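Tertiary structure, described
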Amino acid sequence: MSRFDVKQYLEKIYKVPVLSVRTELRMHETEKHPVTNHSLPPEQHYKIAHVQLDEETFEFPDIFKNKQTQSEKAMEDYKKALNEENKTRNIDSGHLDLPKWFR
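**Looking at the overall build of the chain**
For the chain, the count of helices and strands is 2 helices and 4 strands. Relative to its 103 residues, the chain shows a buried fraction of 6%. The contacts in the chain between residues at least 6 apart in sequence include a share of 46% that link residues at least 24 apart. Within the structure as shown, the chain displays about 9,800 Å² of accessible surface, and the carbon and sulfur contribution to it stands at 53%.

**Notes on the nonpolar core**
Ranked by size, the top nonpolar core spans 6 residues in total: V6, L10, Y14, V16, V18 and V21. Of all the secondary structure elements, the ones that give two or more residues to this core are α1 (3-13) and β1 (18-26).

**A word on the pattern of salt bridges**
Summed over all chains, the structure comprises 1 salt bridge. With a shortest N-O distance of 2.7 Å, R26 and E24 are connected by a salt bridge. Using a relative accessible area of 34% as the deciding quantity, one classes R26 as partly exposed.

**A look at the packing of aromatic side chains**
For the structure on display, the rule yields 1 aromatic pair. Ring centres of Y9 and Y14 lie 5.7 Å apart, and the angle between their planes is 80°; on these two criteria the pair is classed as edge-to-face. Taking relative accessible area as the criterion, Y9 reaches 39% and is therefore assigned partly exposed.

**What to know about unusual backbone geometry**
In the Ramachandran plot, K15 falls in the positive-phi region, its phi being about 55° despite a non-glycine side chain. Along the polypeptide, K15 turns up in the loop between α1 and β1. Taking the relative accessible area as the measure of exposure, K15 reaches 67% and is therefore exposed.

Cut-off values and rules
- Residues numbered from 1 in each chain as written.
- Predicted model: local features only at pLDDT ≥ 70, side-chain atom pairs only at ≥ 80, totals over all residues.
- Heavy atoms only, no water.
- Helix = DSSP H or I, 4+ residues; strand = E, 2+ residues; numbered from the N terminus.
- Buried < 20%, exposed > 50% of the residue type's maximum accessible area, 1.4 Å probe, protein only.
- Contact = heavy atoms within 4.5 Å.
- Areas by Shrake-Rupley, 256 points an atom, 1.4 Å probe, with all protein chains shown as cover.
- Core = buried A, V, L, I, M, F, W, Y, C linked by side-chain atoms within 4.5 Å.
- Salt bridge = Lys/Arg side-chain N within 4 Å of Asp/Glu carboxyl O.
- Phe/Tyr/Trp six-rings, centres within 6.5 Å; stacked < 30°, edge-to-face > 60°.

Below, the structure is given as structure tokens:
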């Protein structure tokens, strides 16, 4: 992402006023193999963005509020099914000698 992309992203998505953005490309140093002393291929380069905000304090916005994860939804469905099963067990507890399909 370019510095303009970073600035637009922060202003549009997070609604944060941005004064300036500086980007820097960090390069990994070549490493030597400890035994054979051959040079190893460097890892991928990465980009760092230094952002100067207009406000003095920044509070990270909660972009996931009112959203449940898939595991939370599955847990709720499991609890509902368990409650339904407990209700049917309580109703049918007097007929334990008969098979369920006969009740």
